[in-house]
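Structural overview for review
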Amino acid sequence: MHIPIKRSYSDKVFAGVIGGLSEHFQWNPTIARVLWVIVSLTPFPGIIGYLVLWMLMENPD
């Protein structure tokens, strides 16, 4: 099972998940990363959610 959103090849810090989401939804990647850090302060949704998205999103071409 894959999400039809691709991880970013060019705009990545760790695995390109937030960069891929921001490219797909046309968000500012910096704001998306700051919001993700705020969400990550709560252990379960932030860290586990990132790992799940990493596994489910398609590889960049």
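Residues numbered from 1 in each chain as written. Predicted model: local features only at pLDDT ≥ 70, side-chain atom pairs only at ≥ 80, totals over all residues. Heavy atoms only, no water.

Looking now at the nonpolar core. Core analysis: the biggest nonpolar cluster contains 9 residues, these being Ile5, Ala15, Val17, Ile18, Leu21, Ala32, Tyr50, Leu53 and Met57. Only helix H1 (17-25) and helix H3 (43-56) provide two or more residues apiece to this core. By residue number, the principal contributor to this core is H1, which donates 3 residues. In this view, Ala15 contacts Arg7, Tyr50 and Trp54; residues no more than four positions away in its chain are not counted. (Core = buried A, V, L, I, M, F, W, Y, C linked by side-chain atoms within 4.5 Å. Buried < 20%, exposed > 50% of the residue type's maximum accessible area, 1.4 Å probe, protein only. Helix = DSSP H or I, 4+ residues; strand = E, 2+ residues; numbered from the N terminus. Contact = heavy atoms within 4.5 Å.)

Our focus in this paragraph is the packing of H1 against helix H2 (residues 29-40). Look at H1 against H2: their axes get within 9 Å of each other, and the N-to-C directions meet at 130 degrees. With respect to H2, the element H1 is oriented oblique. For the element pair H1 and H2, the recorded crossing hand is right-handed. Across the interface between the two elements, Ile18, Gly19 and Ser22 from H1 touch Pro29, Ala32, Arg33 and Trp36 from H2. Of the residues in the contact of H1 with H2, the class split is 4 nonpolar, 2 polar and 1 charged. (Axes fitted to C-alpha atoms, helices over the stretch in contact; angles between N-to-C directions. Parallel < 35°, antiparallel > 145°, perpendicular 65-115°, else oblique. Left-handed = near helix turned anticlockwise from the far one by under 90°. Nonpolar A, V, L, I, M, F, W, Y, C, P; charged D, E, K, R; others polar.)

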